[in-house]
Amino acid sequence: KIINLDNAELLIKSMEHVNSKDFEEKTINSFLVKDNTKKVLIVGDSHSVMMYNVFNLNKNLFKNYRFGQIKLNPIDNHNKLFNDKRYTYSDIIIFSYRFSNEKFNYIKKLIPKINDKKIIIMSKSNEYKNFFKRKPYFNLTLADTYILDNNIKKINQKEINEINRLYFDNRVQNSFENINLKIQNYANKNNISYLEKQKFLCNKMKKICYSITKNGKKIFYDADHFTLEGAKFFGELIHKLNWFQTE
């Protein structure tokens, strides 16, 4: 297969390592290493996992950092974070969520309690039209439907470009633009670093949003989550664009 149509399998693969029993212990041990690296804890929902994957799969490109991840939901007491050793040993806290007003209000109450860490908020990611059906498949992405509808057996660069343009045209912009404006204004007002994911997700000049890697692998397994291949791709692009700024 050139394109894996089993999006459930791609989801499981993207999450399995952070759900492993020893993930927390490995992160703590990594953060305890005394060297010149900055220890970065990515906090949030499933979007914190995909950003962790972005950096973890490209360790060679981000050698000045060690990365960890912790899930924190709006129903969680703030002490879940503050009592965690991964927080204790971290230098930088990144918030990466599939932001809603509820989640944004949650971190606005949490952030003033953080006094000794560098704080970065990442924007809500793009969302694209999703959940297409083509018998016998369901829950297909835009890329899946293009591949099936055009009976593509081996994808070429021209077809990748067409799919990338399709993603640009099928952004669900009201799902992220309004909340991102609120987050950016809050970050600016409170002197907090804000990183806009849209700057690496798309190229507005070319009117494309990246959806297929140069090797013909899917970047998304649903409307907004990265596959492992997608995380690897975006990590390389982030490094090339010098997007990840912590100073």
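Read on for a plain summary of the structure. The structure displayed is predicted, hence computed values, not measured ones.

1. Here's the deal with the overall build of the chain
Phase 1 of the analysis: Along the backbone of the chain there are 11 helices and 9 strands.
Phase 2 of the analysis: The C-alpha radius of gyration of the chain comes to 18 Å, within 12% of the 18 Å expected for a compact globule of 247 residues.
Phase 3 of the analysis: With the principal axes as the frame, the chain shows a C-alpha extent of 55 × 35 × 35 Å.
Phase 4 of the analysis: Burial status across the chain gives 53% buried among its 247 residues.
Phase 5 of the analysis: As displayed, the chain offers around 13,000 Å² of accessible surface, 47% of which is attributable to carbon and sulfur atoms.
Phase 6 of the analysis: Between the mean site of the 43 positive side-chain charges and the mean site of the 26 negative ones, the chain shows a separation of 3 Å.

2. Observations concerning empty space enclosed by the protein
Using a probe with the size of a water molecule, rolled over the atoms, empty space left in the structure can be pinpointed.
Phase 1 of the analysis: Counted by the stated rule, this structure contains 1 cavity of 30 Å³ or more.
Phase 2 of the analysis: As for the largest cavity, its lining consists of Ser14, Met15, Val49, Met50, Asn53, Tyr221, His225 and Phe226.
Phase 3 of the analysis: For the lining of the largest cavity, the secondary-structure elements that each account for two or more residues are helix H1 (7-15) and helix H3 (46-56).
Phase 4 of the analysis: No other element matches H3, which puts 3 residues into the lining of the largest cavity.
Phase 5 of the analysis: Residues of the lining of the largest cavity, tallied by class, amount to 5 nonpolar, 3 polar and no charged.

3. Concerning the pairing of strand S6 (residues 137-140)
Phase 1 of the analysis: By the bridge criterion, 2 bridges tie strand S5 (residues 132-134) to S6 in an arrangement that is antiparallel. Across the sheet, residue Arg134 finds its bridge partner in S6, namely Tyr137.
Phase 2 of the analysis: In this antiparallel pair of consecutive strands, S5 and S6, the connection spans 2 residues.

4. Observations concerning H3
Phase 1 of the analysis: A large share of H3 lies buried, amounting to 9 of its 11 residues.
Phase 2 of the analysis: Among the residues of H3, His47, Ser48, Val49, Met50, Met51, Tyr52, Asn53, Val54 and Phe55 are the ones counted as buried.
Phase 3 of the analysis: In this structure Asp45 caps H3, since a side-chain oxygen of it lies 3.0 Å from the backbone nitrogen of His47.

5. Examining the packing of helix H6 (residues 101-110) against helix H9 (residues 177-189)
Phase 1 of the analysis: Look at H6 against H9: their axes get within 11 Å of each other, and the N-to-C directions meet at 10°. When the axes of H6 and H9 are compared, the pair comes out roughly parallel. Seen from H6, the contacting residues are Asn101, Phe104 and Lys108; seen from H9, they are Ile179, Lys182, Ile183 and Tyr186.
Phase 2 of the analysis: Classifying every residue of the contact of H6 with H9 by side-chain character gives 4 nonpolar, 1 polar and 2 charged.

6. Regarding the nonpolar core
Phase 1 of the analysis: Judged by nonpolar contacts, the single largest core of 51 residues is most densely connected at Met51, Phe55, Phe67, Phe200, Phe226, Phe234 and Phe244.
Phase 2 of the analysis: The element that contributes the greatest number of residues to this core is H3, accounting for 6 residues.
Phase 3 of the analysis: Excluding residues within four positions of it along the chain, Phe200 makes contact with Met51, Tyr210, Phe226, Phe234, Leu237, Ile238, Leu241 and Trp243.
Phase 4 of the analysis: Within the second largest apolar cluster, 26 residues are counted, among which are Leu81, Tyr97, Phe99 and Leu110.

7. Remarks on the packing of aromatic side chains
Phase 1 of the analysis: A complete count under the given rule lists 23 aromatic pairs for this structure.
Phase 2 of the analysis: Feature note: the residues Tyr128, Tyr167, Phe200, Tyr210, Phe220, Phe226, Phe233, Phe234 and Trp243 constitute an aromatic cluster, connected by ring pairs.
Phase 3 of the analysis: One cation-aromatic arrangement involves Lys117 over Tyr87; the distance from NZ or CZ to the ring centre is 4.8 Å.

8. What about the pairing of strand S2 (residues 65-71)?
Phase 1 of the analysis: Across the 7 residues that make up S2, a large majority, 5, are buried.
Phase 2 of the analysis: Where strand S1 (residues 38-44) meets S2, 7 bridges bridge the pair, whose relative direction is parallel. Across the sheet, the residue bridging to Gly44 is Lys71, located in S2.
Phase 3 of the analysis: A crossover links S1 with its parallel partner S2, the connecting element being H3, and its sense is right-handed.

9. Digging into the sheet that holds strand S7 (residues 193-195)
Strand pairing within a sheet occurs via backbone hydrogen bonds; the two strands may be parallel or antiparallel.
Phase 1 of the analysis: If you trace the 5 strands from one edge of the open sheet to the other, you get S2-S1-S3-S4-S7, paired in parallel fashion. The open sheet has two edge strands with one neighbour each: S2 and S7. The average undirected angle you get between the axes of adjacent strands in this sheet is 25°.

Rules of the game
- Residues numbered from 1 in each chain as written.
- Predicted model: local features only at pLDDT ≥ 70, side-chain atom pairs only at ≥ 80, totals over all residues.
- Heavy atoms only, no water.
- Helix = DSSP H or I, 4+ residues; strand = E, 2+ residues; numbered from the N terminus.
- Rg over C-alpha atoms; globule rule 2.2 N^0.38 Å.
- Buried < 20%, exposed > 50% of the residue type's maximum accessible area, 1.4 Å probe, protein only.
- Areas by Shrake-Rupley, 256 points an atom, 1.4 Å probe, with all protein chains shown as cover.
- Lys, Arg positive; Asp, Glu negative; His and termini not counted.
- Charge placed at Lys NZ, Arg CZ, Asp CG, Glu CD.
- 1 Å grid on protein atoms, 1.4 Å probe; cavity = no way out; pocket = protein on both sides within 12 Å on 5 of 7 lines; lining within 4 Å.
- Points joined across faces, edges and corners; volume = space filled by probe spheres on them.
- Nonpolar A, V, L, I, M, F, W, Y, C, P; charged D, E, K, R; others polar.
- Pairing = 2+ DSSP bridges.
- Polar contact = N/O pair within 3.5 Å; in protein donor to acceptor, adjacent residues only side chain to side chain.
- Axes fitted to C-alpha atoms, helices over the stretch in contact; angles between N-to-C directions.
- Parallel < 35°, antiparallel > 145°, perpendicular 65-115°, else oblique.
- Contact = heavy atoms within 4.5 Å.
- Core = buried A, V, L, I, M, F, W, Y, C linked by side-chain atoms within 4.5 Å.
- Phe/Tyr/Trp six-rings, centres within 6.5 Å; stacked < 30°, edge-to-face > 60°.
- Lys NZ or Arg CZ within 6 Å of the ring centre and 35° of its normal.
- Right-handed = clockwise from strand over helix to strand, strands pointing away.

Scope: geometric values only; no functional claims are made or implied.
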